[in-house]
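# Examination of the molecular architecture
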Amino acid sequence: MRKFCVYGKGGIGKSTVVSNIAVALAEDGKTVLVMGCDPKSDMTRNLIGKRIPTVLDVFRAKGPDEMKLEEVIFEGFNGVYCVEAGGPEPGVGCAGSRSGNRSRYARPPRCFQ
């Protein structure tokens, strides 16, 4: 498994670039999961066409013991799997490198096995 993190100031095209790379990798036969951390959910909206529930929203509503993968992982364009982590309120950002730190703790769920 390879993990990539893309972060930077707002409005520079991160969501567009990641969405396109994800689709290209899926077209090449790779299993791809993208995790968004944007209060506007731009990346996952690009790939699915609508907003999806965030992990934080489902966690708050159900708690960790009642959450199910299918409530937070959705299949988007060309088979790209999408998760929206649930970011801070607009204008606050994801604290730069802390976004990258999230991937260090991300373990592949058994949904791909």
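See the structure printed just above.
An account of the accompanying structure is given in this report.

Rules behind the numbers
Residues numbered from 1 in each chain as written. Predicted model: local features only at pLDDT ≥ 70, side-chain atom pairs only at ≥ 80, totals over all residues. Heavy atoms only, no water. Helix = DSSP H or I, 4+ residues; strand = E, 2+ residues; numbered from the N terminus. Buried < 20%, exposed > 50% of the residue type's maximum accessible area, 1.4 Å probe, protein only. Contact = heavy atoms within 4.5 Å. Areas by Shrake-Rupley, 256 points an atom, 1.4 Å probe, with all protein chains shown as cover. Lys, Arg positive; Asp, Glu negative; His and termini not counted. Salt bridge = Lys/Arg side-chain N within 4 Å of Asp/Glu carboxyl O. Polar contact = N/O pair within 3.5 Å; in protein donor to acceptor, adjacent residues only side chain to side chain. Core = buried A, V, L, I, M, F, W, Y, C linked by side-chain atoms within 4.5 Å. Expected span 1.5 Å × (residues − 1). Arc of directions from axis to C-beta. Pairing = 2+ DSSP bridges.

## Brief notes about the overall build of the protein
- Along its length, the protein carries four helices and three strands.
- Reading the helices (α) and strands (β) of the protein from amino to carboxyl end gives α-β-α-α-β-β-α.
- Taken over 113 residues, the protein has a buried fraction of 29%.
- Contacts spanning at least 24 positions in sequence make up 66% of the contacts within the protein whose residues lie at least 6 apart.
- When the accessible surface of the protein is split by element, carbon and sulfur atoms take 53% of a total near 7,800 Å².

## Some words on the environment of Ser19
- Here Ser19 shows up in helix H1 (residues 14-27).
- The spacing of Ser19 and Phe77 is 58 residues in sequence and 9.4 Å in space, taken between C-alpha atoms.
- The contacts of Ser19, once residues within four sequence positions are left out, are Met43, Asn46 and Leu47.

## Remarks on the side chain of Glu84
- With respect to the helices and strands, Glu84 occurs in strand E3 (residues 81-84).
- In this structure, Glu84 is buried with no salt-bridge partner, the nearest side chain bearing the opposite charge being Arg51 at 7.2 Å.
- A polar atom in the side chain of Glu84 sits 2.7 Å from the side chain of Thr44.

## Examining the nonpolar core
- Membership of the largest hydrophobic core is limited to eleven residues, which are Val18, Ala22, Val23, Ala26, Val32, Val34, Met43, Leu47, Ile52, Val80 and Cys82.
- Those elements giving two or more residues to this core turn out to be H1 and helix H2 (42-48).
- In terms of residue count, H1 provides more of this core than any other element does, four residues in total.
- Discounting residues that sit within four places of it in the chain, Ala22 has contacts with Val32, Val34 and Val80.

## Thoughts on H1
- Between its first and last C-alpha, H1 extends 20 Å over 14 residues, near the 20 Å set by a 1.5 Å rise per residue.
- Taken as a whole, H1 has its buried residues at Ser15, Val18, Ser19, Ala22, Val23 and Ala26. Buried residues along H1 cover an arc of 135° about the axis, so they all sit on one side.
- A positive phi of about 90° marks Gly29, the residue just after H1.

## Quick word on the pattern of salt bridges
- Counted under the stated rule, the structure contains five salt bridges.
- Put simply, Glu71 and Lys62 hold a salt bridge, and the shortest N to O gap is 2.3 Å.
- We classify Lys62 as partly exposed; its relative accessible area is 40%.
- When salt bridges with common partners are traced through the structure, they connect Lys40, Asp42 and Arg45 into a single cluster.

## Here we look at the sheet that holds strand E2 (residues 74-75)
- Judged by pairing direction, the sheet is mixed, and its three strands sit side by side in the order E1-E3-E2 without closing on themselves. Edge positions in the sheet fall to strand E1 (33-36) and E2, since each has one partner strand and no second.

## Some points on the side chain of Thr54
- Relative to the assigned elements, Thr54 resides in the loop between H2 and helix H3 (55-62).
- In contact with Thr54, not counting residues within four places along its chain, are Val72, Glu84, Ala85 and Gly86.

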